[in-house]
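Below are the chains, spelled out letter by letter.
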Amino acid sequence: MTLRLAFAYLASRPLATILHVLMLALGVATLAFLLLFTSQAEERLARDAKPVDLVVGAKGSPLQLILSSVFHVDIPTGNIGLEESKAISRHPMVASATPVALGDSYRGHRIVGTDASFLGLYDAKVAAGRPFKEEMEVVVGSEVARRHQLAPGAKIVGSHGLAQTGPGHDEDPFEVVGVLAPTGTVIDRLVLTPVESVWHVHEHHGDAPAKTVPEAPGKKHKHDHDDDEPAKAPPAGPAPGAVPPGMPPALMAASQGGRLEITALLVKYRTPLAAAMLPRLVNSSTSMQAASPAYESARLLDMVGVGVQTLQWFAAIMMASAALSVFVALTSALQERRYDLALLRTLGARPLRLASLTLAEGVTLLVSGVILGLALGHGAAHALGLWLAQSGSWPLAGLAWAPGETILVAAVFAGGFATCLVPAVQAYLSDPASLLAKR
Amino acid sequence: MWRHESPGEGPAGGIDGKTNGAGRRQDAVTHSPDLPEAVRDQAPMLEIRGLRHQYEGRTVLSVPSWDVLRGEASLVLGPSGSGKSTLLNAIAGLATPTEGTIRVAGEAMTGIAPAARDALRASRIGLVLQTLHLIGVVTVRENLRIAQRLAGLPPDDARIDEVLANLGIANLAGAKARQLSVGEAQRVAIARAVVNRPPLILADEPTSALDDANCEKALALLLDQAQATGATLVVATHDNRIRERFAKRLEL
Ligand SMILES: Nc1ncnc2c1ncn2[C@@H]1O[C@H](COP(=O)(O)OP(=O)(O)OP(=O)(O)O)[C@@H](O)[C@H]1O
Ligand SMILES: [Mg+2]
């Protein structure tokens, strides 16, 4: 009966009811959306950045280096000499060093020239086929395989540059030899191949003659979207020769011929002490720069965080004003219906019932607002997620539940409940006799 | 200023106010445990002793002794401000008098916990009021159902239809209460007061908002319904139009 009456009162002023629910819902939706977005972004960044302790690449913006070589979104800062990078690989504090050579893409997915250790960084398992072994063999991430229906045996043609529509390398098709199992990391969206393939494609293509002349690494063609491919200088096939110890296997074969380049080196420390030493060493005594993915992604989140925080405040203020307006509405409604409440008392209703009636009204607004808000917030995140997935970038899961949301919902309920409690207590304390005796 | 026109016989002294009303169930057939049934049945429906009510030190009502027998219809008369509403509120247990005792159907309404007063009111008393009519946002039927629910009774649509038919407003059952005319609303208020067959009906100015024709009809209906259910009726008014319809009167 209490609920039915509460609904009847709400239905008797539909416009106000709808406005209150909408105000609450928009606040909740905005906060839920922001929570979803930031928590997933943070998680995502952390997961992609975690396996790599340090990135060594060409000088330039450290954030750009991280974005290009770890998150695979921005363009690289330039290239570094293979020989120079090897010095880092051999350092006793380095547990592993994975080369990354960027330059080409396959339908928007980056083709990463690397070695077998790359798979280990992200704990990626080959779901079908086998890991790459030879030049021009590729292993594709699960997302790439799903979107383009790739299976072992398929031939794909890379296009020059990291953009979706670079000129093709038609005469140099890659052969898909393996498909990776999903990892929930950036590797799902990459095409992996031995670093020699990247060198081979560009040498064969003859599109980088300038790079045949050794020049100061890290100073060339920075930020040049279409010209950022690493290249090797002289055309060099596999050449026999002594292999320096500690050198990544994929680089060995091609290392003899001249000046070879890679985009960056992903370093894992052998000891935590390395964090204090290696970056300084690289930055001061080489022409390369070292950047920490953890530090740079925290910096990135900080920069994004300022905007997010502003929006969060905005949404919080919106919700507070919604709560306030519900409070005002309930209080004034109480004034309007004090005769109704007194009447219920004359029929035998206990004060507690009047309080719960008033509370039921407020809580109905609250619950509808929160439910609608969550639906809107998650719906918006889902829609954005679909759109993002289409453009091949970050997946945003709208149907997930961000950890902060539980707190959000609890806080909104606690605040809203406290707000509704005031008129409820007023209803509880209202004296029917004084209403009946005095007119 | 009061007249004690019909001598009521109160129950024997000494048992007054000993009932622990708070623990009693709100059930129309619950009997006071401390009164033998024979004594309780003979007790007046309403029994007032030494009643005085003050607002901020000002005495607005004083009724030394007044009884209303079962089935009687009685009138409380007095000018505005003489304390008629205050008296009815005290009888209904909506206000606690400063002094004195009130018994309804042999059960104490004074000196008991508020919850017991609410329960006693819900099960024993039907109220008709001048301005405090209906809950406007729900239908007429819903208004009567609320009265049934609050009295602790199961919903009984047959009874609702019967009462509405008796009052000639069967067609209004589905109407929203706020859309009714004053006369219709007053009939619904009467219907609501009698729907649970309470033994005592209190009516505060039930006719003063009505024109002559409606006044006449509403009063007739109220008396009819009280008689039909065997209820005792106490009407408070300053409306002289209806004064002659009651043999028993209390002048304040
Ligand atoms: N809550 C209250 N606080 C203070 N004084 C009150 C209160 N309620 C009623 N009174 C006073 O008590 C007196 C009796 O009021 P009551 O409403 O019982 O009169 P009444 O006979 O019903 O009048 P009317 O015919 O106008 O309804 C009045 O003087 C009124 O001002
Ligand atoms: Mg009055």
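From a predicted model like this one, the values you see are computed outputs, not experimental measurements.

## Regarding the overall build of chain A
Here is step 1: The secondary structure content of chain A amounts to 14 helices and 13 strands.
Here is step 2: Counting the 439 residues in chain A, one finds 50% classified as buried.
Here is step 3: Restricting to contacts in chain A with at least 6 residues of sequence separation, those with at least 24 account for 79%.
Here is step 4: Just so you have it, chain A exposes about 18,600 Å², and 66% of that area is on carbon and sulfur atoms.

## A look at a nonpolar patch on the surface
All names here are of chain A.
Here is step 1: Taken together, the side chains of Leu352, Phe417, Leu421, Val425, Tyr428 and Leu429 present a nonpolar region at the surface, about 590 Å² in accessible area.
Here is step 2: Ranked by residue count, the leading element in the nonpolar patch is helix H13 (residues 403-429), at five residues.
Here is step 3: Residue Phe417 is classed as partly exposed on the basis of its relative accessible area of 38%.

## Some points on the pairing of strand E7 (residues 200-204) of chain B
Residues and elements named next belong to chain B.
Here is step 1: The element E7 is extensively covered by neighbouring structure, given that five of its five residues are classed as buried.
Here is step 2: Going residue by residue along E7, you find Leu200, Leu202 and Asp204 tucked away on one face and Ile201 and Ala203 tucked away on the opposite face as well.
Here is step 3: Across five bridges, the pairing between E7 and strand E8 (residues 232-237) is parallel. Paired with Ile201 across the two strands is Leu233, which belongs to E8.
Here is step 4: This β-α-β element, E7 to helix H7 (residues 212-229) to E8, shows right-handed connectivity.

## Brief notes about unusual backbone geometry
Here is step 1: Phi angles above zero are rare outside glycine, and Arg107(A) is one such case at about 45 degrees.
Here is step 2: With respect to the element layout, Arg107(A) can be found in the loop between strand E3 (94-106) and strand E4 (109-114).
Here is step 3: Unlike most non-glycine residues, Glu56(B) shows phi in positive territory, near 45 degrees.
Here is step 4: Residue placement: Glu56(B) occurs in the loop between strand E1 (46-55) and strand E2 (58-68).

## Considerations on the interface of chain A and chain B
Here is step 1: The interface of chain A with chain B comprises 25 residues on the first partner and 32 residues on the second.
Here is step 2: Across the chain A/chain B interface, buried area totals approximately 2,400 Å², and carbon plus sulfur atoms make up 63% of it.
Here is step 3: Between chain A and chain B we count three salt bridges in total.
Here is step 4: A salt bridge links Asp118(B) to Arg350(A); the nearest nitrogen and oxygen atoms lie 2.8 Å apart.
Here is step 5: Here chain A is connected to chain B by six residue pairs in polar contact (both at pLDDT 80 or more).
Here is step 6: Secondary-structure elements contributing two or more residues to the side of chain A that touches chain B are helix H1 (2-12), helix H11 (338-346), helix H12 (351-390) and helix H14 (432-437) of chain A.
Here is step 7: Ranked by residues supplied to the side of chain A that touches chain B, first place goes to H11(A) with seven residues.

## Looking at helix H6 (residues 182-194) of chain B
Here is step 1: Between its terminal C-alpha atoms H6(B) stretches 19 Å, which fits the 18 Å expected from 13 residues at 1.5 Å a residue.
Here is step 2: Looking at the buried positions of H6(B), the neighbouring elements they touch are H11 of chain A together with strand E6 (125-129), helix H4 (140-150), helix H5 (157-166), E7 and H7 of chain B.

## Looking at the sheet that holds E8(B)
Residue and element names in this part refer to chain B.
Here is step 1: Taken together, five strands build an open sheet; the order of strands is E6-E7-E8-E3-E9 and the sheet is parallel. Each having just a single partner strand, E6 and strand E9 (248-251) make up the two edges of the open sheet. Direction aside, the axes of adjacent strands within the sheet are offset by 15 degrees on average.
Here is step 2: Where strand E3 (residues 73-77) and E9 come together, four bridges link them in parallel fashion. Of the residues in E9, the one forming a bridge with Leu77 is Glu251.
Here is step 3: Against the sheet, H6 makes contact with E6 and E7, and its axis sits at roughly 170 degrees relative to E6, the strand it touches most.

## Brief notes about the pairing of E6(B)
Residue and element names in this part refer to chain B.
Here is step 1: For E6, the buried fraction is high: five of the five residues fall into the buried class.
Here is step 2: Side-chain alternation along E6 places Ile125, Leu127 and Leu129 on one buried face and Gly126 and Val128 on a second face that is also buried.
Here is step 3: In this structure, E6 lies alongside E7, joined through five bridges in parallel fashion. Paired with Val128 across the two strands is Ala203, which belongs to E7.

## Some words on the nonpolar core
Here is step 1: Leu344(A), Ile135(B) and Ile201(B) are the most contacted members of the largest nonpolar core, which totals 59 residues.
Here is step 2: In contact with Ile135(B), other than residues within four places in its own chain, are Leu5(A), Tyr9(A), Asp340(A), Leu343(A), Leu344(A), Asn143(B), Ile146(B) and Ala177(B).
Here is step 3: Within the second largest apolar cluster, 35 residues are counted, among which are Leu46(B), Leu61(B), Leu87(B) and Ala90(B).

## Digging into H4(B)
Residue and element names in this part refer to chain B.
Here is step 1: Within H4, nine of the 11 residues are buried, which leaves the element mostly enclosed by the surrounding structure.
Here is step 2: Those residues of H4 lying buried are Val140, Arg141, Glu142, Asn143, Leu144, Ile146, Ala147, Gln148 and Leu150.
Here is step 3: At the C-terminal side of H4, Gly152 shows a positive phi close to 80 degrees.

## Some words on the side chain of Thr185(A)
Here is step 1: Take Thr185(A): it is sitting in the loop between strand E9 (174-180) and strand E10 (191-194).
Here is step 2: In this structure, Thr185(A) is in contact with Arg44(A), Arg47(A), Asp48(A) and Tyr122(A), ignoring residues within four places of it in sequence.

## Here we look at the packing of H4(B) against H5(B)
Residue and element names in this part refer to chain B.
Here is step 1: The geometry of H4 relative to H5 is characterised by a closest axis approach of 10 Å and an angle of 120 degrees between their N-to-C directions. What the angle tells us is that H4 and H5 run oblique. H4 and H5 meet at a crossing whose hand is right-handed. Touching Val140, Arg141, Leu144, Arg145 and Gln148 of H4 are Asp157, Arg159, Ile160, Asp161 and Leu164, all from H5.
Here is step 2: Residues that form the contact of H4 with H5 fall into these classes: four nonpolar, one polar and five charged.

## Focus: the packing of aromatic side chains
Where two aromatic rings form a pair, the distance of their centres and the angle of their planes describe that pair.
Residue and element names in this part refer to chain A.
Here is step 1: Under the criterion given, the structure shown has two aromatic pairs over all chains.
Here is step 2: With a centroid separation of 6.4 Å and 10 degrees between ring planes, the pair formed by Phe33 and Phe37 is classed as stacked. Of this pair, Phe33 and Phe37 both sit in helix H2 (residues 14-49), four residues apart, which is roughly one turn of the helix.
Here is step 3: Since its relative accessible area comes to 21%, Phe33 is described here as partly exposed.

## Some words on the pattern of salt bridges
Residues and elements named next belong to chain B.
Here is step 1: In the structure shown here, the tally under the stated rule is 26 salt bridges over all chains.
Here is step 2: Here Asp157 makes a salt bridge to Arg145, at a shortest N to O gap of 2.8 Å. Linking Asp157 in helix H5 with Arg145 in helix H4, this pair joins segments that are 12 residues apart in sequence.
Here is step 3: Two residues, Asp212 and Arg241, come together in a salt bridge whose shortest N-O distance is 2.6 Å.

## Some words on the confidence of the model for chain B
Residues and elements named next belong to chain B.
Here is step 1: Mean pLDDT over chain B: 82, with 83% of residues reaching 70 or higher.
Here is step 2: Scored below 50 in pLDDT, residues 1-33 makes 64 contacts in the model with residues more than four places away or belonging to other chains.
Here is step 3: Reported for the predicted complex are a pTM of 0.69 and an ipTM of 0.79.

## Some words on the packing of H2(A) against helix H10 (residues 293-336) of chain A
Residues and elements named next belong to chain A.
Here is step 1: At a closest axis distance of 8 Å, the pairing of H2 and H10 adopts a crossing angle of 165 degrees. Comparing their axes, H10 and H2 come out roughly antiparallel. Considering how the two elements wind past one another, H2 and H10 form a crossing that is left-handed.
Here is step 2: Here the contact of H2 with H10 is built from residues that sort into 21 nonpolar, eight polar and one charged.

Scoring rules and cut-offs
- Residues numbered from 1 in each chain as written.
- Chains lettered and ligands numbered in written order.
- Predicted model: local features only at pLDDT ≥ 70, side-chain atom pairs only at ≥ 80, totals over all residues.
- Heavy atoms only, no water.
- Helix = DSSP H or I, 4+ residues; strand = E, 2+ residues; numbered from the N terminus.
- Buried < 20%, exposed > 50% of the residue type's maximum accessible area, 1.4 Å probe, protein only.
- Contact = heavy atoms within 4.5 Å.
- Areas by Shrake-Rupley, 256 points an atom, 1.4 Å probe, with all protein chains shown as cover.
- Patch = residues over 30% accessible without salt bridge, like charges linked within 9 Å, V, L, I, M, F, W, Y side chains within 5 Å.
- Salt bridge = Lys/Arg side-chain N within 4 Å of Asp/Glu carboxyl O.
- Pairing = 2+ DSSP bridges.
- Right-handed = clockwise from strand over helix to strand, strands pointing away.
- Buried area = accessible area lost by both parts, 1.4 Å probe.
- Polar contact = N/O pair within 3.5 Å; in protein donor to acceptor, adjacent residues only side chain to side chain.
- Expected span 1.5 Å × (residues − 1).
- Axes fitted to C-alpha atoms, helices over the stretch in contact; angles between N-to-C directions.
- Core = buried A, V, L, I, M, F, W, Y, C linked by side-chain atoms within 4.5 Å.
- Parallel < 35°, antiparallel > 145°, perpendicular 65-115°, else oblique.
- Left-handed = near helix turned anticlockwise from the far one by under 90°.
- Nonpolar A, V, L, I, M, F, W, Y, C, P; charged D, E, K, R; others polar.
- Phe/Tyr/Trp six-rings, centres within 6.5 Å; stacked < 30°, edge-to-face > 60°.
- pLDDT = per-residue confidence, 0-100.

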